Each structure stands twice: as structure tokens, then as C-alpha cells.
Amino acid sequence: MSIGEVISLMRGAVTQIITIIAPILGLALIVGLIVAILQAVTSIQEQTLTFLPKLIVILLMVALLGGFIFSNLSEYTIALFNRIPDFAK
């Protein structure tokens, strides 16, 4: 197995991670920004107020995107297992 193949595998893994995590983190970022703006406007500086909405949104997104995440990871894993004979060369 050459360095190029290892880099290709790592690039594929990082791409999969970004594809799976980006929508969840993006929505958590938006919710956090909205809550921070509301806290600034109302002068409420409670730390737990930012945690709960983000947690709820992340759990909802994982529930909604669970099928996509599972299918994406299973396709990538099957592709890796199919490439095992090529790695032995």
C-alpha cells in the first residue's frame, strides 16, 4: 500500500466525517447564535440557557438524519471492505 493510497483513504474518511457532522453543527451554531442574541437583548446571562436549546436541536437532527448517517457510513464501510484485497498487493 503506497502513501498515495493511505492519503486517499484518510481524505475519504475526513470527507465522510464532514458530510455527516456539518448539518448538525451548522444548525447548532445557528441556534447558539440566536440564543446569544436573545441573551444580549434581554440581559439574561444564564449559562444553562444556551446549552439546552442546542442539545435539543442536536438530538432532533440526529434523530432526523439517522438514516442518512447510517446509510452513508455503511456505504463507506462496504467500500473499504471491498478494497481490502487491493491493500494486500
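The structure reproduced in this document is the subject of the present report. (Residues numbered from 1 in each chain as written. Predicted model: local features only at pLDDT ≥ 70, side-chain atom pairs only at ≥ 80, totals over all residues. Heavy atoms only, no water.)

What to know about helix α2 (residues 48-82)
Line of reasoning, step 1. Most pronounced at Leu-65, the bend in α2 amounts to some 60°.
Line of reasoning, step 2. Every buried residue belonging to α2 is among Thr-50, Val-57, Met-61, Ile-69, Asn-72 and Tyr-76, and all of these are buried.
Line of reasoning, step 3. Those residues of α2 hidden inside the fold are in contact with α1 (3-42). (Bend = angle between axes of the 7 residues up to and from the residue. Helix = DSSP H or I, 4+ residues; strand = E, 2+ residues; numbered from the N terminus. Buried < 20%, exposed > 50% of the residue type's maximum accessible area, 1.4 Å probe, protein only. Contact = heavy atoms within 4.5 Å.)

Points about α1
Line of reasoning, step 1. A rise of 1.5 Å per residue sets the reference length of α1, with its 40 residues, at 58 Å; its end C-alpha atoms lie 55 Å apart and thus fit the reference within 8%.
Line of reasoning, step 2. Largest kink in α1: about 40°, centred on Ile-21, with the proline Pro-23 one to four residues after it.
Line of reasoning, step 3. Residues of α1 that are buried: Leu-9, Gly-12, Gln-16, Ile-20, Ile-24, Ala-28, Val-31, Gly-32, Val-35 and Gln-39.
Line of reasoning, step 4. The elements touched by buried residues of α1 are α2 and α3 (84-87).
Line of reasoning, step 5. Phi turns positive one or two residues past the end of α1, at Ser-43, with a value near 60°. (Expected span 1.5 Å × (residues − 1).)

A word on the side chain of Gln-16
Line of reasoning, step 1. Within the secondary structure, Gln-16 sits in helix α1.
Line of reasoning, step 2. When residues no more than four places from it in sequence are discounted, the contact partners of Gln-16 are Asn-72 and Tyr-76.

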